[in-house]
Amino acid sequence: MTKVRSGVVRSAVLLSASVAAALLLGGCAGTPKMDVKASCEFLNNDTFKPDGNQQQQSKQIAAHYHEIADKLAPEIGDPIKEMAAIMDKAAASSLGATTQEQQQQLTVHFNKIGEYCK
């Protein structure tokens, strides 16, 4: 019976640690978002530059897009989330390069952002 208790306690401790980690990483009330103007300023001042080969660059771009999307106003962040998904697919390809169709999709999303950030 002691083993069952220690297992239950261990599970409770692990669950508590997992919840605490999720709250620390995600924040209690979610990630605060910038307004549109601040989002545009952020993007205009973003100095991110990927390095390495094409596949590494695609992975880095996707990761950067994922990282910043939730911080930005939804009008800006939502297209960036879509762009991150496109770059994830490109990074998973054998060459790590975007296809012509993916480039067209990225252009559509860049243009959506451009409607707000002039």
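For the structure, check the block above.
Note that this is a predicted model, so its numbers are computed, not measured.

Draft legend 1. Seen up close, the overall build of the protein. The helix and strand inventory of the protein stands at 5 helices and 0 strands. Across the protein, helices and strands are ordered from the amino to the carboxyl terminus as α-α-α-α-α. Looking at the protein as a whole, 23% of its 118 residues are labelled buried. Long-range contacts, defined here as pairs at least 24 residues apart, represent 62% of the contacts in the protein between residues at least 6 apart. Accessible surface, the protein as shown: approximately 8,300 Å² in total, 58% of it carbon and sulfur.

Draft legend 2. Local environment of the side chain of Ser-39. Positionally, Ser-39 belongs in helix H2 (residues 36-45). Apart from the residues within four sequence positions on either side, Ser-39 is in contact with Met-34, Leu-72, Ala-73 and Ile-76.

Draft legend 3. Local environment of the packing of helix H3 (residues 54-69) against helix H4 (residues 74-92). Packing of H3 against H4 brings their axes to within 8 Å, and their N-to-C directions diverge by 155 degrees. The orientation of H3 with respect to H4, classified from their angle, is roughly antiparallel. The element H3 and its partner H4 pack so that their crossing is left-handed. Mapping the contact onto sequence places Gln-55, Ser-58, Lys-59, Ile-61, Ala-62, Tyr-65, His-66, Ile-68 and Ala-69 in H3 and Gly-77, Ile-80, Lys-81, Met-83, Ala-84, Met-87, Asp-88, Ala-90, Ala-91 and Ala-92 in H4.

Draft legend 4. Seen up close, the environment of Asn-44. Locating Asn-44 in the fold gives a position in helix H2. Separated by 73 residues in the primary sequence, Asn-44 and Cys-117 have C-alpha atoms spaced 8.7 Å apart.

Draft legend 5. View of the pattern of salt bridges. Evaluation of the coordinates by the stated rule reveals 1 salt bridge. Lys-81 is paired through a salt bridge with Asp-70; the nearest N and O atoms lie 3.1 Å apart. Taken together, the positions of Lys-81 in helix H4 and Asp-70 in the loop between H3 and H4 put the pair 11 residues apart, joining distant regions of the chain.

Draft legend 6. Region of the structure containing the environment of Gln-55. Turning to its location among the elements, Gln-55 is positioned in helix H3. Judged by its relative accessible area of 26%, Gln-55 is partly exposed. Between the C-alpha atom of Gln-55 and that of Gly-96, which follows or precedes it by 41 residues, the distance is 3.8 Å. Contacts of Gln-55, omitting those with residues within four sequence positions, involve Ala-91, Ala-92, Ser-93, Ser-94, Leu-95 and Gly-96. Polar contacts involving the side chain of Gln-55 include one to the main-chain carbonyl oxygen of Ala-91, which spans 2.9 Å.

Thresholds, definitions, all that
- Residues numbered from 1 in each chain as written.
- Predicted model: local features only at pLDDT ≥ 70, side-chain atom pairs only at ≥ 80, totals over all residues.
- Heavy atoms only, no water.
- Helix = DSSP H or I, 4+ residues; strand = E, 2+ residues; numbered from the N terminus.
- Buried < 20%, exposed > 50% of the residue type's maximum accessible area, 1.4 Å probe, protein only.
- Contact = heavy atoms within 4.5 Å.
- Areas by Shrake-Rupley, 256 points an atom, 1.4 Å probe, with all protein chains shown as cover.
- Axes fitted to C-alpha atoms, helices over the stretch in contact; angles between N-to-C directions.
- Parallel < 35°, antiparallel > 145°, perpendicular 65-115°, else oblique.
- Left-handed = near helix turned anticlockwise from the far one by under 90°.
- Salt bridge = Lys/Arg side-chain N within 4 Å of Asp/Glu carboxyl O.
- Polar contact = N/O pair within 3.5 Å; in protein donor to acceptor, adjacent residues only side chain to side chain.

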